[in-house]
Amino acid sequence: MAETDRAGRSAVVVGAAGGLGAALADALDDEGLYGAVHRFARRLEGVHHIDITNEASIAAAAATVAGGPPPALMIVATGLLHEGDHGPERATKALDAAWMARNFAINAIGPALLAKHFLPLTPKTGRTVFAALSARVGSISDNRLGGWHSYRASKAALNQLIRTIAIEERRRNSSAIVVALHPGTVDTPLSKPFQGNVAPGQLFDPARAAVQLLDVIDGLRPPDSGKLFAWDGVEVAP
């Protein structure tokens, strides 16, 4: 999309209070290509507050965007890997129904409901992008270690939802792109307990990770819709 076209449209970042989400919103503000950059997060207040486990909250956030420049870019930078005493399961015996439901609510259902309420606000012509942060471990074909049952399954569900939503969105706008993105391991609280196993040079500062993802987004074309791409632009098989 030409820079002059973006100026009449807006960008939306959900999860903009987190390490990577904030970096993405900051990078978009610094680029200055969009007429407005809307930030939403559970930890923000007022019109910027959103709870992706509450559909009424999502609808209210979408309503605040509806009156301005239409969103041509939406990034869902939310995710759950550990919370309180709960973390990724190492074995089947650790499965807990409530924790599994919590993973699906945040990692899969929330992004789907965001698509439900925000995609109708996007233009029906011209390039638009809806990108949700997923993870390589959600790839069934790439699963060789097992474990992390709830996280893997919820991200796999997200990848399938992205594929399904992309097919539907293509009927509304042939230039629309709906994708999942694997950001790599980013130095944020989400990855903190698991950074010890990261290879040298593969732990990314949030600002660097944000630029990498925006570069991937800029390179996407309509045939890429429905797919999962890593931070380096390489497609990840489902």
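One can find the structure itself at the top, above this paragraph.
Residues numbered from 1 in each chain as written. Predicted model: local features only at pLDDT ≥ 70, side-chain atom pairs only at ≥ 80, totals over all residues. Heavy atoms only, no water.

Asker: Outline the packing of helix 4 (residues 97-118) against helix 5 (residues 149-172), listing residues and values.
Answerer: As a packed pair, helix 4 and helix 5 sit with axes 8 Å apart at the nearest point and diverge in direction by 20°. If you check the angle between helix 4 and helix 5, you find them roughly parallel. Considering the relative orientation of helix 4 and helix 5, their crossing is right-handed. For the pair helix 4 and helix 5, the contacting residues are Trp 99, Met 100, Asn 103, Phe 104, Asn 107, Ala 108, Pro 111, Ala 112 and Ala 115 in the first and Ser 150, Tyr 151, Ala 153, Ser 154, Lys 155, Ala 157, Leu 158, Leu 161 and Ile 165 in the second. (Axes fitted to C-alpha atoms, helices over the stretch in contact; angles between N-to-C directions. Helix = DSSP H or I, 4+ residues; strand = E, 2+ residues; numbered from the N terminus. Parallel < 35°, antiparallel > 145°, perpendicular 65-115°, else oblique. Left-handed = near helix turned anticlockwise from the far one by under 90°. Contact = heavy atoms within 4.5 Å.)

Asker: With reference to specific residues and values, describe the pairing of strand 5 (residues 176-182).
Answerer: When a strand is regular, its side chains alternate between the sheet's two faces. Burial of strand 5 is extensive: seven of the seven residues sit out of reach of the surface. With burial as the criterion, each face of strand 5 is covered, one bearing Ala 176, Val 178, Ala 180 and His 182 and the other bearing Ile 177, Val 179 and Leu 181. For strand 4 (residues 128-133) and strand 5, the ladder comprises six bridges, and the chain directions are parallel. Counted as the bridge partner of Ala 131 is Val 179 from strand 5. Tracing the backbone out of strand 4, into helix 5 and back to the parallel element strand 5 gives a crossover that is right-handed. The pairing of strand 5 with strand 8 (residues 228-230) spans three bridges and is classified as parallel. Paired with Ala 180 across the two strands is Leu 228, which belongs to strand 8. (Buried < 20%, exposed > 50% of the residue type's maximum accessible area, 1.4 Å probe, protein only. Pairing = 2+ DSSP bridges. Right-handed = clockwise from strand over helix to strand, strands pointing away.)

Asker: Tell me about the sheet that holds strand 2 (residues 36-40), and please be specific about residues and values.
Answerer: Judged by pairing direction, the sheet is mixed, and its seven strands sit side by side in the order 2-1-3-4-5-8-9 without closing on themselves. The open sheet has two edge strands, strand 2 and strand 9 (235-236), and neither has a second partner. Where helix 4 meets the sheet, its contacts fall on strand 1 (10-14), strand 2, strand 3 (71-76) and strand 4, and the angle it forms with strand 3 comes to roughly 165°.

Asker: Talk me through the nonpolar core; I want residue IDs and the actual numbers.
Answerer: Of all hydrophobic cores here, the largest spans 32 residues; its most connected members are Leu 20, Leu 24, Leu 28, Leu 73, Leu 181 and Ile 217. Only strand 1, helix 2 (19-31), strand 3, strand 4, strand 5 and helix 6 (206-219) provide two or more residues apiece to this core. The residues touching Leu 20, leaving out its near neighbours within four places in the chain, are Leu 133, Pro 183, Val 186, Thr 188, Pro 206, Ala 209, Ala 210 and Leu 213. Core analysis: the next-biggest nonpolar cluster, separate from the first, contains 30 residues, Ile 50, Met 74, Leu 113 and Val 178 among them. (Core = buried A, V, L, I, M, F, W, Y, C linked by side-chain atoms within 4.5 Å.)

Asker: So, unusual backbone geometry: which residues are in play, and what are the values?
Answerer: Backbone geometry places Trp 148, a non-glycine residue, at a positive phi of 50°. Summarising the element assignment, Trp 148 is placed in the loop between strand 4 and helix 5. Overall, Trp 148 belongs to the partly exposed group, its relative accessible area being 26%.

Asker: I'd like to hear about the pattern of salt bridges, residue by residue, with values.
Answerer: The tally for this structure, following the rule as stated, stands at eight salt bridges. In this structure, the salt-bridge partner of Glu 83 is Arg 102, at a minimum N-O distance of 3.0 Å. Within this pair, whereas Glu 83 is found in the loop between strand 3 and helix 4, its partner Arg 102 is found in helix 4, the two being separated by 19 residues in sequence. Exposure remark for Arg 102: the relative accessible area of 29% places this residue in the partly exposed category. One salt bridge connects Arg 144 with Asp 142, and the closest N-O pair in it is separated by 3.0 Å. Shared partners join several salt bridges into a network, and the residues in it are Asp 26, Asp 29 and Arg 39. (Salt bridge = Lys/Arg side-chain N within 4 Å of Asp/Glu carboxyl O.)

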